[in-house]
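What follows is each chain in one-letter form.
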Amino acid sequence: MDQETLKKCVDEAINSRRSVRAFLAEPIPRKTIEEILALASRAPSGTNTQPWRVRVLTGNAKQRLSAAIKASYFHVSGGPKDTPEYDYYPRQWFSPYVDRRRKIGFDLYGLLNIKKDEKQRMIEQMGKNFEFFGAPVGLIFTIDRRLGQGSWLDYGFFLENIAIAARARGLHTCPQAAFADFPQTIGSHLKFEPEEMLVCGMSLGFEDTSAPENRLKTDREPVSGFTQFFDE
Ligand SMILES: Cc1cc2nc3c(=O)[nH]c(=O)nc-3n(C[C@H](O)[C@H](O)[C@H](O)COP(=O)(O)O)c2cc1C
């Protein structure tokens, strides 16, 4: 492939990736999922440690996991509440991050016509995370808790590769830290090893283009806002 075509394809795959929050039920062949994961595993990792471990859930297995998490989420089970194993977000929010976080929440709820005081609708929208937003494939990622922070860096490369490889096949994704709030529910359901720690989940499938939430467009700071060049 010539350089110009490669640039166009890679740029398009990166630029067209966004978090999709409503999917079509259309199933994805297992071969495609395996192909995406094999490609993603070409991600670099410190001393080639490859710290990823993936559970792929489809069909009834996906539905059973969703039901277990939703029971914990909506507290209908009466069981003990899960305890997250790591802080994805800071305990105390501050600018500019809190402003960006507020904007996406505001924009998403705006598209769904959910008003500020409609707490129940917010809870239900959040709950859609646990149905993998209707996607036919749910991915759950774990890491060996004995590994260091560096392995979490490696994990990010791997996750992004999945998202980009998905785009090249006309598929979309949504990475989901929401699952990290339910490590005990998910861990006992999927029979995690004691050293396995839940990192996050991801939805994978074809976008439902009719869903208003998928019209969400997110901004980015210009390069000059986060970069300094040093040349003297
Ligand atoms: C590790 C990670 C976890 C995320 N967790 C969630 C989640 O639980 N639910 C959700 O709807 N979006 C989640 N997102 C999506 C972000 O909100 C999204 O990436 C961000 O707003 C930028 O939008 P874009 O992905 O469409 O470019 C997550 C993204 C990342 C990278």
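This section reports on the structure supplied with the text. (Residues numbered from 1 in each chain as written. Predicted model: local features only at pLDDT ≥ 70, side-chain atom pairs only at ≥ 80, totals over all residues.)

Focus on the pairing of strand E2 (residues 137-144)
Thinking step 1. Most of E2 is tucked away, with seven of its eight residues classed as buried.
Thinking step 2. Bridge count between strand E1 (residues 53-57) and E2: five bridges; the pairing is antiparallel. Bridge pairing in E2 links Leu57 to Gly138.
Thinking step 3. As defined by bridge partners, E2 adjoins strand E4 (residues 196-205) across eight bridges and the pair is classed as antiparallel. (Buried ≥ 20, exposed ≤ 12 C-beta atoms within 10 Å, placed from the backbone. Helix = DSSP H or I, 4+ residues; strand = E, 2+ residues; numbered from the N terminus. Pairing = 2+ DSSP bridges.)

Brief notes about helix H6 (residues 149-167)
Thinking step 1. Taking 1.5 Å of rise per residue, the 19 residues of H6 would be expected to cover 27 Å, and the 28 Å separating its terminal C-alpha atoms lies within 8% of that figure.
Thinking step 2. Within H6, the full set of buried residues consists of Asp154, Tyr155, Phe158, Leu159, Ile162, Ala163, Ala165 and Ala166.
Thinking step 3. Looking at the buried positions of H6, the neighbouring elements they touch are helix H2 (30-40), E2, strand E3 (172-176) and E4. (Expected span 1.5 Å × (residues − 1). Contact = placed C-beta atoms within 7 Å.)

Considering the site of the ligand
Thinking step 1. Near the ligand the following residues occur: Arg18, Ser19, Arg21, Ile104, Asn129, Cys174, Pro175, Gln176, Ala177, Ala178, Cys200 and Thr218.
Thinking step 2. No other element matches the three residues that E3 contributes to the shell around the ligand.
Thinking step 3. Partitioned by chemical class, the residues of the shell around the ligand number six nonpolar, four polar and two charged. (Near = placed C-beta within 6 Å. Nonpolar A, V, L, I, M, F, W, Y, C, P; charged D, E, K, R; others polar.)

Considerations on the sheet that holds E4
Thinking step 1. Spatial strand order, E1-E2-E4-E3: four strands in an open sheet with antiparallel pairing. Looking at the sheet topology across the chains shown, the edges are occupied by E1 and E3. Strand after strand, the sheet turns through a mean of 25° between neighbouring axes, direction not considered.
Thinking step 2. Across five bridges, E3 lies against E4 in antiparallel orientation. Across the sheet, the residue bridging to Cys174 is Ser203, located in E4. (Axes fitted to C-alpha atoms, helices over the stretch in contact; angles between N-to-C directions.)

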